[in-house]
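# Breakdown of the fold
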Amino acid sequence: MAVRKILTAPDPILREISKPVAEVTDETRTLVADMFDSMYAERGIGLAAVQIGVPLRIIVMDLARNGEEPQKRVFINPEILSASDEMFTYEEGCLSVPEYFDEVDRPAQVTVRYLDEDGKQHEEEAVGLFAVCIQHEMDHLEGKLFIDYLSKLRRGRAMDKVKKVVRQRERNA
Ligand code: NI
């Protein structure tokens, strides 16, 4: 297990389209463990493999609140089978767009099909924060970031913030 560096915008790797996992193996599970370590190190609630530079269709998530037991979830090759017409607005953030938060509208409910880390298939309804998070992470698999939904002005502000945060981190490193 290892904490790996999380790529930040505008790293071009974040724009790559992730490839399906052909077979869930021990190598996949090692990558998943690294993804959790990297996500927890930055106090994130979701992470796509491409964010640590591996463009494979793998997402990890933990929506447990502070003080709750961890709720590790793994989504391999996820697909959205249906989405509600009803929308939900949430103030999103992203470890690849550090310290910037803004509102995004997405379908309030989605049905998702995916493989778990044993390669077993599941189908599940997602609502609330779960629905937001799975859609946000699945966008990463298509090379898309939440700031792409924002106006040009707000996207510019987000990128200014990222540049500032990255400079600060380099100074403190
Ligand atoms: Ni993200």
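Here the structure is shown first, and the text comes after it.
This section reports on the structure supplied with the text.

Parameters and conventions
Residues numbered from 1 in each chain as written. Predicted model: local features only at pLDDT ≥ 70, side-chain atom pairs only at ≥ 80, totals over all residues. Heavy atoms only, no water. Donors = N, O, S within 2.8 Å, 3.2 Å for Na, K, Ca; no water. Helix = DSSP H or I, 4+ residues; strand = E, 2+ residues; numbered from the N terminus. Buried < 20%, exposed > 50% of the residue type's maximum accessible area, 1.4 Å probe, protein only. 1 Å grid on protein atoms, 1.4 Å probe; cavity = no way out; pocket = protein on both sides within 12 Å on 5 of 7 lines; lining within 4 Å. Points joined across faces, edges and corners; volume = space filled by probe spheres on them. Nonpolar A, V, L, I, M, F, W, Y, C, P; charged D, E, K, R; others polar.

Our next topic: the coordination of the nickel ion. Four donors placed tetrahedrally around a metal ideally meet at 109.5 degrees, and six donors placed octahedrally ideally meet at 90 or 180 degrees. Those donors, Cys94 (SG), His136 (NE2) and His140 (NE2), are the protein atoms that reach the nickel ion, and they lie 2.1 to 2.2 Å from it. Taken in sequence order, the residues that donate to the nickel ion follow the motif C-x41-H-x3-H. Placement of Cys94 in strand β4 (residues 87-94) and of His140 in helix α2 (residues 128-141) is noted, with a sequence separation of 46 residues between them. Like His140, Cys94 is buried.

Moving on to the layout of surface pockets. There is about 740 Å³ of room inside the largest pocket. If you trace the largest pocket, you find 32 residues lining it, with Glu42, Gly44, Gly93, Cys94 and Leu95 closest to the centre. If you list the elements that add at least two residues to the lining of the largest pocket, you get α1 (26-41), β4, β5 (97-107), α2 and α3 (152-172). Taken together, the residues of the lining of the largest pocket sort by class into 15 nonpolar, seven polar and 10 charged. Counted as a void, the second largest pocket has a volume near 420 Å³. Lining the second largest pocket, in full, are Tyr40, Arg43, Gly44, Ile45, Asp62, Leu63, Ala64, Arg65, Asn66, Glu68, Pro70 and Leu129.

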